[in-house]
Amino acid sequence: MLPTGLRSFLERDPPRLRFGLATAAAAWLAIVLAAALDLPNGHWAGVTVLTVSQPTRGLLFEKCLWRLVGTTAGALVGIGLLAAFATHPAAALVGLTAWLACCAGMSALVRHFRSYGAVLAGYTCAIVALIDFDHPASVQHIAFGRIACTVIGVLAATAVTGLLMPPSGRRSLLDRARQSGAELLERCSGLLTGSLGAADQGALLAVVARLGDLDAEVDEVLDGAPGARWRKRRLRNLLASLLLVASRTRALARSDDPVQAQAPPELKALLGQAALRFRYKDFPGSVPLASADGRPAVADTRAALTAALADLRDLERAPVVGNGPARLETPLDWQGAARAATRTTLCVLPMGLAWLATGWAAGSLMLLGTCVFVTLLSANELGAAMIRRIVLGVLAGIGLALAFRAFVLPHPAGLTVLLLALVPVLCVTAAGLTFRLTAVSTVEFNNFFLMMSQPTHLTPLGPPLAHQGLAMLVGIGVAALALHLVMPLDIERRKRRLRQALAGDLAELAGGASGKRRANWEARTLSRGLRLLAGRGRRDRTADAEDVLNMLERGRTLRAPSDAFEGRDPSVRSVA
């Protein structure tokens, strides 16, 4: 019988424990296969497994795809860079910096694994170009090894973790969306009956803020699953419709006009019935929404509720061909892209110049550490907490790699011995991946341990390992400081930019914006509003929810006169 403590650990989160064990086993298998094929830097196969492995099968396949795309693109650019500038290091540095800046900027324009593919294309180019910069003739060999190891890692991850992990978390995400929708509609019904106190209204704002968290999870959960694009659009439509219901119900309840503020009893009842339809999938019958009440505020609320129920019905059926209507319009974040590109340039270029000026033999690895670190995080909005976790993992990985080569295997050993010696390290990996708090540090720990220990080579390649480790630490340390000091990026700064964009759209409406800008105002506000609500920043999230609802209602008020003048029905068009 297992000890009580061990049994408690195993029962705490069995799926994550299984994920950690499967990932560690797949990484070891990939390294063995790469070593058997005598590929250069065969540890890259294990690194691939550790970075692509995901808790669901759909996410694994999607990330594997973008890993292959990014690796291939970066490797080809790295080959071209050295082919063109092998004898001109300064020109090569400028070209590498420009490529990294472009990739960092692109990663800020797209979301989730497409962003990962852009990041990977950037630092793969740096790896291929810098890992053996003094011998440009070997660049094609290195690039081939990188691509081949990536393929092996993808196959190993797919064969092991792909078989053991569940297909997707779609059902869990949809259930949470349904329950959040039910709670929101119940509180909206209470708002119209006047039964909500100040604390209850704060709870309504908390539910509204939760919609932003669900929006942030849509890509993380649904990517790679069958019908992902179709489901993502409809789930985001549902979140947008619920946000509109909250906004319009709240405006109706708070109206200064007594006639407008008096909601018809059937509307209150319909909100309650719709809440039951959300909470219980087998709730009998449909919710009738027809009404003779022609007041704009009531009609707007009914239209938003109709759209929310239609979105829920869409999500409960199988995906079909076509995308359907979209209630969100996501503007490209050109300002964020420019900041990411500038941040990357300001970090990479000075480090490259320092390497060229000093002529340090391990200087290319110093620059490589900077390139990988800054490209990976230049568009990441998790800020200091993520950097700290990564740096801790890097320090532990480099330290263990130096000790591994100095004390465990101080002399050249057979490949079998090298590979068996990795088993205890990968057991630690399995344990680290089991907990969300240590997962990021664990991945970086393994990546840098494998990079430094070079387990598929009997003796380490390149400069002395101590010099390599020092170079990596200097490069990563400088990049970490730069990300804190040079145009720092975190959730609160992103929120400020979103609030500025929302305020700018309102100013356009107030100034008489016409055409597509006015017509698509609500779709842009819904998209930016959901993104503003997501995340765990220091700001009180209920205050963010209050601001988003106020902006939606203020914009609707500003747009209503021109819509009425042109003979349009804003309540219909806004949810079409």
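Here the structure is shown first, and the text comes after it.
In what follows, the accompanying structure is described.

Each value, and the rule that gives it
Residues numbered from 1 in each chain as written. Predicted model: local features only at pLDDT ≥ 70, side-chain atom pairs only at ≥ 80, totals over all residues. Heavy atoms only, no water. Salt bridge = Lys/Arg side-chain N within 4 Å of Asp/Glu carboxyl O. Helix = DSSP H or I, 4+ residues; strand = E, 2+ residues; numbered from the N terminus. 1 Å grid on protein atoms, 1.4 Å probe; cavity = no way out; pocket = protein on both sides within 12 Å on 5 of 7 lines; lining within 4 Å. Points joined across faces, edges and corners; volume = space filled by probe spheres on them. Nonpolar A, V, L, I, M, F, W, Y, C, P; charged D, E, K, R; others polar. Axes fitted to C-alpha atoms, helices over the stretch in contact; angles between N-to-C directions. Parallel < 35°, antiparallel > 145°, perpendicular 65-115°, else oblique. Left-handed = near helix turned anticlockwise from the far one by under 90°. Contact = heavy atoms within 4.5 Å. Polar contact = N/O pair within 3.5 Å; in protein donor to acceptor, adjacent residues only side chain to side chain. Buried < 20%, exposed > 50% of the residue type's maximum accessible area, 1.4 Å probe, protein only. Expected span 1.5 Å × (residues − 1). Bend = angle between axes of the 7 residues up to and from the residue. Phe/Tyr/Trp six-rings, centres within 6.5 Å; stacked < 30°, edge-to-face > 60°. Lys NZ or Arg CZ within 6 Å of the ring centre and 35° of its normal. Core = buried A, V, L, I, M, F, W, Y, C linked by side-chain atoms within 4.5 Å.

Describing the pattern of salt bridges
Counted according to the given criterion, the structure contains 21 salt bridges. A salt bridge links Asp219 to Arg111; the shortest N-O distance between them is 3.5 Å. Of the two residues, Asp219 sits in helix H9 (residues 198–222) while Arg111 sits in the loop between helix H5 (89–109) and helix H6 (112–130), which places them 108 residues apart along the sequence. With a closest N to O distance of 2.9 Å, Lys495 and Asp544 form a salt bridge. Taken together, the residues Lys495 in helix H20 (residues 491–510) and Asp544 in helix H23 (residues 541–565) connect sequence positions 49 residues apart. Because the salt bridges share partners, they merge into one network encompassing Arg111, Asp215, Asp219, Asp223, Lys232 and Arg236.

Side note on empty space enclosed by the protein
Taken as a whole, this structure holds two cavities of 30 Å³ or more when the rule is applied. If you trace the largest cavity, you find it lined by Leu81, Leu82, Pro89, Ala92, Leu93, Leu96, Ala129, Leu130, Phe133, Trp355 and Leu367. Mapped onto the lining of the largest cavity, the elements with two or more residues apiece are helix H4 (57–85), H5 and H6. Take the lining of the largest cavity: its biggest share by element is four residues, from H5. Of the residues belonging to the lining of the largest cavity, the class tally is eleven nonpolar, no polar and no charged. Taken together, Arg170, Leu174, Leu222, Arg231, Leu235 and Leu315 make up the lining of the second largest cavity. Of all the elements in the fold, those that place two or more residues in the lining of the second largest cavity are helix H8 (170–193) and helix H10 (228–253). Tallied by class, the residues present in the lining of the second largest cavity amount to four nonpolar, no polar and two charged.

Some points on the packing of helix H3 (residues 43–52) against helix H7 (residues 139–164)
One way to put it is that H3 packs onto H7 with a least axis distance of 7 Å and a crossing angle of 50 degrees. Considered as vectors, H3 and H7 are oriented oblique to each other. In this structure, H3 meets H7 at a crossing whose hand is right-handed. For the pair formed by H3 and H7, the contact residues are Trp44, Ala45, Thr48, Val49 and Val52 on the first element and Ile142, Gly145, Arg146, Cys149, Thr150, Ile152, Gly153, Val154, Ala156 and Ala157 on the second. Split by residue class, the contact of H3 with H7 holds ten nonpolar, four polar and one charged.

Points about the side chain of Arg250
Structurally, the position occupied by Arg250 is in helix H10. Here Glu546 takes part through its side chain, which lies 2.3 Å from a polar atom of the side chain of Arg250. The contacts of Arg250, once residues within four sequence positions are left out, are Leu191, Leu205, Glu546, Leu549 and Asn550.

What to know about the environment of Arg67
Note that Arg67 resides in helix H4. Overall, the relative accessible area of 1% leaves Arg67 in the buried class. When neighbours within four sequence positions are excluded, Arg67 is seen to be in contact with Val47, Thr48, Thr51, Val52, Tyr116, Leu120, Tyr123, Arg146 and Thr150. Of note is the side chain of Arg67, whose polar atom sits 3.0 Å from the side chain of Thr51.

Thoughts on H7
Taking 1.5 Å per residue as the helical rise, H7 with its 26 residues ought to reach 38 Å, and the 37 Å between its terminal C-alpha atoms agrees with that figure. The largest bend in H7 is about 30 degrees, located at Thr158.

A closer look at unusual backbone geometry
Residue Asn41 is not a glycine yet carries a positive backbone phi of 55 degrees. Mapping Asn41 onto the fold places it in the loop between helix H2 (14–36) and H3. A positive phi angle is found at Gln454, which is not glycine, with a value near 50 degrees. Here Gln454 lies in the loop between helix H18 (436–453) and helix H19 (465–485).

Observations regarding the layout of surface pockets
Put simply, the second largest pocket is a space of about 240 Å³. Broken down by secondary-structure element, the contributors of at least two residues to the lining of the second largest pocket are helix H14 (334–358), H20 and helix H22 (521–533). A per-element tally of the lining of the second largest pocket places H20 first, with four residues. Its residues assigned to classes, the lining of the second largest pocket shows five nonpolar, three polar and five charged.

A short note on the packing of aromatic side chains
In total, this model carries three aromatic pairs according to the counting rule given. Centre to centre, the rings of Phe133 and Trp355 are 5.2 Å apart; their planes meet at 80 degrees, and the pair counts as edge-to-face. Taken together, the positions of Phe133 in the loop between H6 and H7 and Trp355 in helix H14 put the pair 222 residues apart, joining distant regions of the chain. Judged by its relative accessible area of 10%, Phe133 falls in the buried class. Classification of Trp355 by relative accessible area gives buried; the value is 9%. Ring pairs connect the aromatic residues Phe404, Phe445 and Phe449, which therefore count as one cluster. The cationic tip of Lys63 hangs over the ring face of Tyr116; the distance from NZ or CZ to the ring centre is 4.6 Å.

What to know about H20
With 20 residues, H20 extends 29 Å between its outermost C-alpha atoms, agreeing within 8% with the 28 Å of an ideal straight helix rising 1.5 Å per residue. Inspection of H20 places Ile491, Glu492, Arg494, Lys495, Arg497, Leu498, Arg499, Leu502, Asp505, Leu506 and Leu509 among the buried residues, and these make up the whole buried set.

A word on the nonpolar core
Core analysis: the largest hydrophobic core is formed by 89 residues, its most contacted members being Leu96, Leu130, Leu367, Cys371 and Phe373. Here Leu367 is in contact with Leu93, Leu130, Val348, Met351, Gly352 and Trp355, once residues within four sequence places are set aside. Within the second largest apolar cluster, 56 residues are counted, among which are Leu204, Leu305, Leu498 and Leu552.

A word on the side chain of Asp311
Position of Asp311 among the secondary structure elements: in helix H13 (residues 296–316). Accessibility expressed as a relative area gives 3% for Asp311, which makes it buried. At 3.5 Å, the side chain of Asp311 forms a polar contact with the backbone nitrogen of Leu238. Look past the residues within four positions of Asp311 in its chain and what remains in contact with it is Arg234, Asn237, Leu238, Ser241 and Arg327.

Observations concerning the environment of Ala209
Among the structural elements, Ala209 can be located in helix H9. C-alpha separation for the pair Ala209 and Gly529, spaced 320 residues apart in sequence, amounts to 9.6 Å. When neighbours within four sequence positions are excluded, Ala209 is seen to be in contact with Leu533, Arg541 and Ala545.

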